[in-house]
Amino acid sequence: GRFSLLKYNNTAPNTPTINSPVNDTFTNSTSVTFSWTNTTDPDKDIVSYRLEVYNDSALTQEYTINNSIVETATPTESTANLTSDGGYYWRVAANDSSKNSSFTDLRVITIDTTLPAEFNLSSPENGTSTADNSPTLDWDSSTETNLENYTIELSLNSDFSFKSSFAELNAI
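Residues numbered from 1 in each chain as written. Predicted model: local features only at pLDDT ≥ 70, side-chain atom pairs only at ≥ 80, totals over all residues. Heavy atoms only, no water.

*Asks:* Where do I start with the sheet that holds strand β8 (residues 107-111) in this structure?
*Replies:* Sheet strands pair by backbone hydrogen bonding; their relative direction is either parallel or antiparallel. Strand order across the open sheet formed by 5 strands is β2-β8-β7-β4-β5, with mixed pairing between neighbours. Strands with a single pairing partner mark the edges of an open sheet, and in this sheet they are β2 (25-27) and β5 (62-70). When the angles between neighbouring strand axes are averaged without regard to direction, this sheet yields 20°. By the bridge criterion, 7 bridges tie strand β4 (residues 48-54) to strand β7 (residues 86-95) in an arrangement that is antiparallel. Residue pairing for β7: Tyr49 is matched across the bridge by Ala94. (Pairing = 2+ DSSP bridges. Helix = DSSP H or I, 4+ residues; strand = E, 2+ residues; numbered from the N terminus. Axes fitted to C-alpha atoms, helices over the stretch in contact; angles between N-to-C directions.)

Right, dumping it as structure tokens:
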């Protein structure tokens, strides 16, 4: 008999666009939701996604790979538990069951669940009484690498059950 060969030229889906977390994010939560905008497929095929998370920027130390994420109403999301402090490198690709898109740019997220080290309040001394309504507060700078800000709390009660004021100052 006669045979005929049917050839179908499939086009890979477009590369998804990452929403969050943004590159170089620091967080103290080990549960991280990765989010991206849904892509399009030139052939109108059904699209799924592959999320890859690595322990190194060379992408040789696999932490988790999920290659069966079903597309949802945009954005599509996947949550992973990143259990150890440190940097994680991640990226996403789309798949139409025949071809993969290119991967998104590599992103890094750092998990830091360790509380900052204590630091020394150097002025004014504990128990100081003053009529100055804008005293200067001095403390030794923290040596923490991921410190975002200092929170200053003032209270008339030694147990701080009532805080009369507070301020957040960016770390320098």
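*Asks:* What exactly am I supposed to notice about the pattern of salt bridges here?
*Replies:* It is possible for side chains of opposite charge to pair when their charged atoms get near one another. Scanning the entire structure with this criterion turns up 2 salt bridges. As a salt-bridge pair, Arg50 and Glu52 come within 2.5 Å of each other at their nearest N and O atoms. Residue classification places Arg50 among the partly exposed residues on the basis of a relative accessible area of 24%. For the salt bridge of Arg91 with Glu52, the shortest nitrogen-to-oxygen distance reads 2.8 Å. Of this pair, Arg91 sits in strand β7 while Glu52 sits in strand β4, and the two are 39 residues apart along the sequence. Among the charged side chains, a salt-bridge network with shared partners connects Arg50, Glu52 and Arg91. (Salt bridge = Lys/Arg side-chain N within 4 Å of Asp/Glu carboxyl O. Buried < 20%, exposed > 50% of the residue type's maximum accessible area, 1.4 Å probe, protein only.)

It is worth stressing that arrangement in space is one thing and function is another; only the former is reported here.
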